[in-house]
Amino acid sequence: MNQVNRPMLMGLSLLFACGSFAAAQDAATPASIPQVLQITREYLKPYKAGQAHDKTESAFIASMAKAKFPAYYVGLNSMSGKSRALYLTQYPSFAEWEKDNKLIEKDASLGGELERNGLADGELLDSLDSVVYVYNPELSYHPRADVSHAHFMEIIVFKVKAGHRKDWYDLTKMVKDANEKGGTISHWATFEIAYGAPNDTYIALTSHKSMSDIDTGFAESKKFAEGMGGEEGMKKFDELYGATVESMRTELFSINPRQSYVNDAWIKADPDFWQPKQMPEMESKKSKK
């Protein structure tokens, strides 16, 4: 199977997040697919990732935990492409997002701490931006709301050609049907751009508990092709894909628990992952105290 078909075959699943990322709701609330997904992207200066970035990001987490701030998020570190970190925050609506913004406006102490944390973090950054997506259930397939055990995530970005929205939906239906017939492990959540990127941009999020899930996805290419109808079906798929999609790229990220602000339910689900041991420098300072 060629590279064009791979993203749909791999199965695009939700972190949320990438969904059930961190939810801006009470920890006791069952996990649900977010309707609004904000992704903050921090592009790091060369060799400024790792423990240095963990340290500045942990300051944000400490400030929000102290204030019991209700909007949780998951931090991702790039394993491909330019060095960067993504922070995914989910909301059930834009109105709920506004409520969180107002909480910061009313809490001068928290606002001041976050500003100071931002200045320190900014010393490591090359640039920063933010994009906002909305969930599209019709373009998703068996999305997983609870991904508290995920450790890796694939994010695939599609730019659909103008005027080909119906073709995009038809193409996705073909892929969903082929995965169903082939019996693959595929599952994904698709989000459509709302703000911060060109129209007709979509992202598909895939979470993995381990990188062996990626091996399984590649190994299932034959199942996908059979579900598509063999050589003739794949030919039709390729033709529609070429006529519909302007560009596509796939990036791999690791989920970083030291840069994630998650609720108690997630921590209890996988405490060894979400509560990693402190970095040597932090342990040394603690012992001196």
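Right above here is the structure, for reference.
Note that the structure is predicted; figures quoted are calculated from it, not measured.

Here is what the cut-offs are and how they apply
Residues numbered from 1 in each chain as written. Predicted model: local features only at pLDDT ≥ 70, side-chain atom pairs only at ≥ 80, totals over all residues. Heavy atoms only, no water. Phe/Tyr/Trp six-rings, centres within 6.5 Å; stacked < 30°, edge-to-face > 60°. Helix = DSSP H or I, 4+ residues; strand = E, 2+ residues; numbered from the N terminus. Buried < 20%, exposed > 50% of the residue type's maximum accessible area, 1.4 Å probe, protein only. Contact = heavy atoms within 4.5 Å. Polar contact = N/O pair within 3.5 Å; in protein donor to acceptor, adjacent residues only side chain to side chain. Pairing = 2+ DSSP bridges. Axes fitted to C-alpha atoms, helices over the stretch in contact; angles between N-to-C directions. Parallel < 35°, antiparallel > 145°, perpendicular 65-115°, else oblique. Nonpolar A, V, L, I, M, F, W, Y, C, P; charged D, E, K, R; others polar. 1 Å grid on protein atoms, 1.4 Å probe; cavity = no way out; pocket = protein on both sides within 12 Å on 5 of 7 lines; lining within 4 Å. Points joined across faces, edges and corners; volume = space filled by probe spheres on them. Arc of directions from axis to C-beta.

Visitor: Just give me the short version of the packing of aromatic side chains, but keep the residues and values in it.
Guide: Between two aromatic rings, the relevant description is the distance of the centres plus the angle of the planes. Summed over the entire model, instances satisfying the criterion amount to 14 aromatic pairs. Aromatic side chains Phe94 and Tyr195 sit 6.1 Å apart centroid to centroid with 90 degrees between the ring planes, which places their arrangement in the edge-to-face category. One end of the pair, Phe94, is in helix H3 (residues 94–106); the other, Tyr195, is in strand E7 (residues 189–195), with 101 residues separating them in the sequence. When the ring of Phe224 is compared with that of Phe237, the centres are 6.1 Å apart and the planes differ by 80 degrees; the resulting orientation is edge-to-face. Residue Phe224 is found in helix H7 (residues 221–228), and its partner Phe237 is found in helix H8 (residues 230–244); the two are separated by 13 residues along the sequence. By relative accessible area, which is 0% here, Phe224 ends up buried. Under the relative-accessibility criterion, Phe237 is labelled buried at 0%. Here a set of aromatic residues connected by ring pairs shows up, and it is made of Tyr72, Tyr73, Tyr87 and Tyr261.

Visitor: Give me the lowdown on the environment of Asp200, citing residues and values where you can.
Guide: Within the secondary structure, Asp200 is located in the loop between E7 and strand E8 (201–208). With a relative accessible area of 22%, Asp200 lands in the partly exposed category. Along the sequence, Asp200 and Glu246 sit 46 residues apart, while their C-alpha atoms lie 9.9 Å from each other. Other than its neighbours up to four places away in sequence, Asp200 contacts Phe158, Lys159, Val160, Ala162 and Ile193.

Visitor: Give me unusual backbone geometry: which residues, what numbers.
Guide: Here Lys68, not a glycine, exhibits a phi torsion of approximately 55 degrees, which is positive. The phi angle at His142 is positive, at roughly 45 degrees, despite the residue not being glycine. Checked against the element boundaries, His142 lands in the loop between strand E5 (125–135) and strand E6 (152–160).

Visitor: Please give an account of the side chain of Glu113 that cites residues and values.
Guide: Checked against the element boundaries, Glu113 lands in helix H4 (residues 108–122). Judged by relative accessible area, Glu113 falls into the buried class, the value being 15%. At 2.6 Å, the side chain of Glu113 and the side chain of Ser63 are in polar contact. Not counting residues up to four positions away in its chain, the partners in contact with Glu113 are Ser63 and Lys66.

Visitor: Which residues make up the pairing of E6, and what values go with them?
Guide: Of all nine residues in E6, nine are buried; the element is thus mostly enclosed. Of the two faces of E6, the one carrying Phe152, Glu154, Ile156, Phe158 and Val160 and the one carrying Met153, Ile155, Val157 and Lys159 are both buried. Sheet analysis places E6 next to E8, joined by eight bridges and oriented antiparallel. When the bridges of E8 are listed, Met153 appears paired with Ser207. Two elements, E6 and strand E9 (residues 245–255), share nine bridges in a ladder whose sense is antiparallel. If you follow Phe158 over to E9, its bridge partner there is Met248.

Visitor: Before we move on, could you go through the packing of helix H2 (residues 51–66) against H4 and cite the residues and values that matter?
Guide: In the contact formed by H2 and H4, the axes pass within 9 Å of each other and the chain directions differ by 175 degrees. Considering their axes alone, H2 and H4 lie roughly antiparallel with respect to each other. Only Leu110, Glu113, Leu114, Asn117, Gly118, Ala120 and Asp121 of H4 make contact with H2, whose side of the interface consists of His53, Thr56, Glu57, Ala59, Phe60, Ser63, Met64 and Lys66. Considering only residue class, the contact of H2 with H4 consists of six nonpolar, five polar and four charged.

Visitor: I'd love a proper account of the layout of surface pockets, names of residues and values included.
Guide: Each pocket or cavity is described by its volume, and for the second largest pocket that value is around 470 Å³. Of all elements in the fold, only strand E2 (36–44), H2, strand E4 (84–91), H3 and H4 reach the threshold of two or more residues within the lining of the second largest pocket. Element by element, the count of residues in the lining of the second largest pocket is highest for H3, at four residues. Classifying every residue of the lining of the second largest pocket gives 11 nonpolar, four polar and four charged.

Visitor: Give me the lowdown on H7, citing residues and values where you can.
Guide: Among the residues of H7, those classed as buried are Phe224, Gly227 and Met228. For H7, the angular spread of the buried residues around the axis is 100 degrees, confining them to a single face. In this structure, H7 carries Lys222 and Glu226 as exposed residues pointing more than 90 degrees from its buried face.

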